[in-house]
Amino acid sequence: MDKYIVKGGKKLFGEVEISGAKNAAVAIIPAALMVNGVCRIENLPQISDTDKLLEILSLMGAQVRLVNKTTVDVDCTNVYLSDEIFELTKAIRASYYLIGSMLGRFGEARTTMPGGCNFGVRPIDQHIKGMKALGATMNIGNGLICASARDGRLKGNRVYLDKVSVGATINIMIAAVLAKGQTVIENAAREPHIVDLANFLNSMGADVRGAGTTTIKVRGVEALHGGTYALIPDQIEAGTYMAAVAAAGGEVRVTNVIPKHLDCISAKLVEMGVEIEEGDDYVTVKRDAVLRHTNVKTLPYPGFPTDMQPQISTVLCLAEGTSIVTEGVWDNRFKYINELRKMGAEIHVDGKVAVIEGVSGLTGAPVAACDLRAGAAMVIAGLCAEGTTTIEDVEYIERGYQDIVGKLRKLGADIVAVTEPNDPADKTATASAG
Ligand code: UD1
């Protein structure tokens with residue numbers, strides 16, 4: 001298994017290019033199942049979650065061809081349902097988007113309950129409610145999800161989400177694209193990758209309006225045609241490098257970003273005394289002063305993203321004074337704090353609230369990546385800690401960050417990935433997406 005060894009204390013300087021958005025990719029690849037013809041996806045991040053989703057499509061009869069490192073052609077003209085995908089669908093959260101795309105494509109769906117980072121109960125009741133509203137019969141048992149559309153095709157309807165859910169918004173949007181008639185999703189999530197998915201679907205012939213607002217209207221079409229689509233840059237990857245500079249110090253230009261998507265993150269870093277300059281498609285992040293404490297509460301977009309909570313909490317460990325971080329999306333997303341404590345962090349957790357007392361520095365220690373974003377937080381902690389930090393279970397990190405070691409090394413960080421012989425007694429990765 002791989003681990004990272006980080007020797008902390010080096011400031012970061014230079015330029016880092018952000019890859020395509022993971023959360024857009026993991027929605028768009030399943031949605032490509034509904035496209036008749038070649039669908040070219042550009043700016044695809046090279047991460048294990050997208051590799052697995054492309055493999056799932058291959059197992060369903062899709063022709064998948066890598067054009068270059070970040071461009072893939074997917075041709076789903078001759079796809080079929082296959083139980084061979086179950087081992088893979090079990091391992092990733094985003095496999096639940098196949099429920100929507102299979103129902104759209106075949107009028108029926110067969111997949112497993114999704115995997116998922118374990119930060120509390122991850123219900124899919126809103127996804128199910130949406131599919132049922134569109135006329136699907138849902139059978140769930142023995143870890144399998146089997147669904148079928150009455151009369152072989154979903155029918156548009158009005159769906160009010162009881163909770164702002166990114167996953168349910170995406171799934172219902174996908175399912176509605178090939179349904180008969182109009183679907184209206186109320187209380188929809190507004191994340192940038194929801195807008196990206198809508199743009200992708202529309203470029204393939206769908207009729208989706210209102211993505212990015214709380215009401216999304218999808219007028220069903222008869223078929224989707226091939227086309228070319230470039231994914232947006234990854235908001236969370238960009239935010240992670242911004243947090244790394246805030247923690248380690250230095251000055252870095254983060255390129256290939258949409259600065260507007262980073263406003264929620266930039267605002268907090270500025271409150272902490274970090275200097276941020278915005279360009280058209282880059283932000284420059286500079287930190288040479290003492291960090292100030294602040295409070296953060298995670299919320300659906302445009303609020304502060306839950307996927308940046310572990311990284312910003314790590315930066316706050318080094319800020320003068322007491323900071324309060326409230327997790328507003330998940331019940332149990334503070335497990336990584338035990339790892340930070342091993343490095344000298346002073347944090348008290350009570351339910352969904354973490355009280356962070358700033359310390360003058362962290363010290364290197366052996367730690368583990370509890371999940372994808374928690375793993376990124378360990379990397380940030382290692383970069384600013386005194387001494388050596390060894391991070392285990394980095395396969396979680398590699399599910400969502402393209403070449404994090406290479407990108408940080410270019411900025412001057414002392415980080416290496418080392419591979420150790422795989423012990424068959426080791427656990428296999430069962431958890432997934434963040
Ligand atoms: C959430 C985040 C997303 C992040 C991802 C991984 C939000 C709103 N969403 O998306 O930004 O990338 O985690 O970390 O910040 N829920 C239900 N029933 C459902 C679906 C969800 O009750 O059917 C609840 C969840 O328990 C959670 C909240 O709704 O408390 C948000 O869930 P949702 O947005 O669906 O999760 P993800 O799509 O995984």
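Residue indices follow the written sequence of each chain, beginning from 1 at its first position. Given that this is a predicted model, residues contribute local features only at a pLDDT of at least 70 and side-chain atom pairs are listed and counted only at 80 or more, while totals for whole chains, interfaces and linings are drawn from all residues. By convention in this description, side-chain values take in all heavy atoms of the structure and omit both hydrogens and water.

> Looking at this model, I keep getting lost on the sheet that holds strand β10 (residues 182–186). Mind explaining?
What holds strands together in a sheet is hydrogen bonding between their backbones, with the strands either parallel or antiparallel. Spatially, β9-β10-β12-β11 is the arrangement adopted by the four strands of the open sheet, whose pairing is mixed. In this open sheet, the two edge strands, each paired with only one partner strand, are β9 (158–160) and β11 (207–209). When strand polarity is set aside, the average angle formed by the axes of neighbouring strands in this sheet is 15°. DSSP bridges decide pairing: two strands pair if at least two such bridges lie between them. Helix numbering and strand numbering both begin at the N terminus, where a helix is a DSSP run of H or I of at least 4 residues and a strand a DSSP run of E of at least 2. Pairing between β10 and strand β12 (residues 215–219): five bridges, direction antiparallel. Bridged to Val-184 within β12 is Lys-217. Contacts from helix α6 (residues 166–177) reach β9, β10, β11 and β12 within the one sheet, and its direction differs from that of β12 by about 20°. To obtain each axis, a line is fitted to C-alpha atoms, and for helices this fit is confined to the stretch in contact; angles are then taken between N-to-C directions over 0 to 180 degrees. The contact criterion used is simple: two residues touch if any of their non-hydrogen atoms lie within 4.5 Å.

> Looking at this structure, how should I read the sheet that holds strand β16 (residues 282–287)?
Spatially, four strands are ordered β2-β14-β16-β15 in an open sheet, and the strand pairing comes out mixed. The sheet is open, and its two edges are formed by β2 (12–17) and β15 (275–278), each paired on a single side. Within this sheet the neighbouring strands show an average axis-to-axis angle of 10°, counted without direction. The pairing of β15 with β16 spans four bridges and is classified as antiparallel. Paired with Glu-278 across the bridge in β16 is Val-283.

> Help me understand helix α12 (residues 372–384), please; the structure alone is not making it clear to me.
Take the residue count of a helix, subtract one, and multiply by 1.5 Å to get its expected span. For α12, built from 13 residues, the straight-helix expectation of 18 Å at 1.5 Å per residue is met to within 8% by its first-to-last C-alpha distance of 19 Å. Summarising burial for α12: 13 of the 13 residues are buried, a large majority. If you check the start of α12, you find a side-chain oxygen 3.2 Å away from the backbone N of Arg-373, and it comes from Asp-371. Accessible area is worked out with a 1.4 Å probe on protein chains only. A residue is then buried under 20% of its type maximum, exposed over 50%, and partly exposed in between. Polar contacts here mean pairs of N or O atoms no more than 3.5 Å apart (in protein, one a potential hydrogen donor and the other a potential acceptor; neighbouring residues in sequence count only if both atoms are side-chain atoms).

Distances and angles like these do not, on their own, reveal function.
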